[in-house]
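So you can see what is in the structure, the chains are spelled out below.
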Amino acid sequence: MARNNTLKLKFDSARKYAPAPESRSAAKIKDQYELFINGKFEKPLGKKYFDTINPATEEKLSRIAEANEADVDKAVKAARSAFGVWSKMVPKERGKYIFRIARMVQERARELAIVETLDGGKPIRESRDFDIPVVGNHFFYYAGWADKLEYAFPNRNVQPLGVAGQIIPWNFPLLMAAWKIAPALATGNTVVLKPAETTPLTALLLAEIIQEADLPPGVVNIITGAGATGAAIVNHPDINKIAFTGSTDVGKIIQRAIAGTGKKATLELGGKAANIIFDDAPIDQAVEGVINGIFFNQGHVCCAGSRLYVQESVYKEVVRKLKDRLETLIVGDPMDKNTDIGAINSKQQLDQINKYLKIGVKEGAEMYQSSVDLPKKGFFCRPTIFTNVAQSNRISQEEIFGPVLTIQTFRTDDEVIEKANNTPYGLSAGVWTDKGSKIFNMTIKLRAGVVWANTFNQFDPTSPFGGYKESGYGREGGLHGLGAYVTLSNVV
Ligand code: NAP
Ligand code: MG
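What comes next concerns the included structure. Just so it is clear, the model here is predicted, and its values are computed rather than measured. (Residues numbered from 1 in each chain as written. Chains lettered and ligands numbered in written order. Predicted model: local features only at pLDDT ≥ 70, side-chain atom pairs only at ≥ 80, totals over all residues. Heavy atoms only, no water.)

**Some remarks on the overall build of the protein chain**
Okay, step 1: On a plain count of helices and strands, the protein chain comes out with 16 helices and 20 strands.
Okay, step 2: Rg of the C-alpha trace for the protein chain: 22 Å, near the compact-globule value of 23 Å for 492 residues, within the 12% margin.
Okay, step 3: On the principal axes, the C-alpha backbone points of the protein chain span a range of 65 × 55 × 35 Å.
Okay, step 4: The 492 residues of the protein chain split such that 60% are buried. (Helix = DSSP H or I, 4+ residues; strand = E, 2+ residues; numbered from the N terminus. Rg over C-alpha atoms; globule rule 2.2 N^0.38 Å. Buried < 20%, exposed > 50% of the residue type's maximum accessible area, 1.4 Å probe, protein only.)

**Brief notes about the coordination of the magnesium ion (ligand 2)**
For a metal bound by four donors in tetrahedral geometry, the ideal donor-metal-donor angle is 109.5 degrees, whereas six donors in octahedral geometry ideally sit at 90 or 180 degrees.
Okay, step 1: Within the protein, the magnesium ion (ligand 2) binds to T52 (OG1), I53 (O), D119 (O), D119 (OD) and T198 (O); these donor distances fall in the range 2.2 to 2.5 Å.
Okay, step 2: We note that the donor set of the magnesium ion (ligand 2) lies within a single chain, spaced as T-I-x65-D-x78-T. Of this pair, T52 sits in strand β4 (residues 49-54) while D119 sits in helix α3 (residues 109-120), and the two are 67 residues apart along the sequence. Note on accessibility: T52 and D119 belong to one class, buried. (Donors = N, O, S within 2.8 Å, 3.2 Å for Na, K, Ca; no water.)

**Comments concerning the site of ligand 1**
Okay, step 1: The immediate surroundings of ligand 1 are formed by 27 residues, with I168, S247, L269, C302 and E399 found nearest.
Okay, step 2: In the environment of ligand 1, an oxygen atom lies 3.0 Å from a nitrogen or oxygen atom belonging to the side chain of K194.
Okay, step 3: At 2.6 Å, a side-chain N or O of S247 approaches an oxygen atom of ligand 1.
Okay, step 4: Here ligand 1, which alone exposes 900 Å², has 87% of that area covered by the protein.
Okay, step 5: Elements with a contribution of two residues or more to the shell around ligand 1: α8 (227-235) and β10 (241-245).
Okay, step 6: With 3 residues, α8 is the largest single contributor of residues to the shell around ligand 1.
Okay, step 7: Among the residues making up the shell around ligand 1, the classes are represented as 15 nonpolar, 8 polar and 4 charged. (Near = heavy atom within 4 Å. Polar contact = N/O pair within 3.5 Å; in protein donor to acceptor, adjacent residues only side chain to side chain. Areas by Shrake-Rupley, 256 points an atom, 1.4 Å probe, with all protein chains shown as cover. Nonpolar A, V, L, I, M, F, W, Y, C, P; charged D, E, K, R; others polar.)

**Quick word on the packing of helix α2 (residues 91-107) against helix α7 (residues 201-212)**
Okay, step 1: Look at α2 against α7: their axes get within 9 Å of each other, and the N-to-C directions meet at 130°. One way to sum up the angle between α2 and α7 is to call them oblique. Every pair of crossing elements has a handedness; the one defined by α2 and α7 is right-handed. Contacts from I101, M104 and V105 in α2 reach L206, I209, I210 and E212 in α7.
Okay, step 2: A per-class count over the contact of α2 with α7 returns 6 nonpolar, no polar and 1 charged. (Axes fitted to C-alpha atoms, helices over the stretch in contact; angles between N-to-C directions. Parallel < 35°, antiparallel > 145°, perpendicular 65-115°, else oblique. Left-handed = near helix turned anticlockwise from the far one by under 90°. Contact = heavy atoms within 4.5 Å.)

**Some details on the sheet that holds β4**
Okay, step 1: Strands sit in the order β1-β5-β4 across an open sheet of 3 strands; the sheet is mixed. Pairing within the sheet leaves two strands with one partner each, and these edge strands are β1 (32-33) and β4.
Okay, step 2: Packed onto the sheet, α3 meets β4 and β5 (59-65) and runs at close to 100° relative to β4. (Pairing = 2+ DSSP bridges.)

**Digging into unusual backbone geometry**
Okay, step 1: Positive phi outside glycine occurs at E58, with the angle close to 70°.
Okay, step 2: Along the chain, E58 falls in the loop between β4 and β5.
Okay, step 3: In this structure E58 comes out as partly exposed when scored by relative accessible area, which is 38%.

**Regarding the packing of aromatic side chains**
Okay, step 1: Within this structure, the stated rule accounts for 14 aromatic pairs.
Okay, step 2: Consider the rings of F278 and F410, whose centres lie 5.3 Å apart with planes at 85°: the pair is edge-to-face. Linking F278 in the loop between β12 (274-277) and α10 (283-295) with F410 in strand β16 (residues 404-410), this pair joins segments that are 132 residues apart in sequence. Considered together, F278 and F410 belong to a single accessibility category, that of buried residues.
Okay, step 3: Grouping aromatic residues by their ring pairs yields a cluster made of F130, F172, W179, F296, W452, F456, F459 and F465.
Okay, step 4: The ring of F41 has K30 lying over it, and the distance from NZ or CZ to the ring centre is 6.0 Å.
Okay, step 5: Seen from the ring of Y49, R63 lies directly overhead, with NZ or CZ sitting 4.3 Å from the centre. (Phe/Tyr/Trp six-rings, centres within 6.5 Å; stacked < 30°, edge-to-face > 60°. Lys NZ or Arg CZ within 6 Å of the ring centre and 35° of its normal.)

Rendered as structure tokens:
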């Protein structure tokens, strides 16, 4: 069962609260980080570095090595030579290594949470209570599968794919790394992983953990850089599998790049999830679920409930309650334990969100923002609601990836199914109703990889996650996540 990790937002309408900052000193960030290749931290061959900053303060946190094609080649060669050792290791032993990583993540949980928040801007409460514990859970879960693959794929000859190139985004940096690395290792593959340019730090701390856990050199290589480094991984001829999480646009570039190469791929791409409130729903619970659905992690969530559909008879009540609730959200310092909405991950992403706010207004939608004062420095955005939205509006069709919710009405089940399915995406959806039969009807008609009923944003290592349509293909998590890293032969 999924654990309840619903965002716990703090009520305080007067917005008077005592600041409760997490201590930064519990995390030591080095001035400079190198590439983790073949079990060692190595300087980049091109001698180039880039800065990672704290988006809440715009301060530089560290200098990060930039891997060029020659570094990628070095990492892939290390992973290839480690593949022989790792894939032939007694499965139980492989499981022990993954288990050790899980334990070390738990031991360093506080530090990892602080670094995640400093580097990416998410509220410390989320890093501490959601991201890092779920990272640990993923390693534990897949450690357990390592010596049980014959139960996952009974009567089949199971082989790992080889070297997996893994490219991840900045919204859940360490969690995405865990989603990728844990099942790959459990099934006997070796890894070259690239975190996003704006959030490389926790992946580099994971590299330290992997080194300390004494994994055979080259089993996991973590190399940093920008899009070009990712492209070099995708195009390397000795990569057998690409596991990518990121935008639909880059997903399409990757699909074109690997066409005809025989490389396997799983693509976890964008989303534009519908959250649907029926008139029989417990309205207060639904409103809280909608708030969690769109404002969790500043709305930088591929499965964020960014489109709300409300049945006409309860529309006014829902909008009024949402607006009231918006005013109580605490926006600001991500290191403060009270904060509900932290910093937008980068200037570029803030510009993107602001561009969509202008588009929405221009399209004739009505914009409502909370009146909260934003910090003077850093990248912040007020939680925003659009009403009077048309289905064809760009704000209703395109992924904004920020704290921005569109609201529309509907009358019948058929109408809302038609509207909910009417985007290029199909990653997730939410349904709020008192009737089990309605939930059943919706779950079979909504074209989404996950449908949450009377809850939202529940994640668990046992559950498969992935999209329909332009949200990508393949599933991560659970048994299905193992299937993405093996090839099966049928022995007759
Ligand atoms: P992005 O621009 O596609 O970047 C994702 C990763 O790909 C980053 O590491 C990026 O490097 C790298 N990259 C960029 N160009 C590349 C290329 N040509 N070849 C190979 N790699 C390349 O996406 P993002 O802005 O970081 O993340 C936001 C997107 O991710 C949203 O669309 C969101 O919906 C999606 N997402 C999906 C899921 C899911 O499970 N479906 C989960 C989380 C996020 P740099 O960052 O260093 O440029
Ligand atoms: Mg950063």
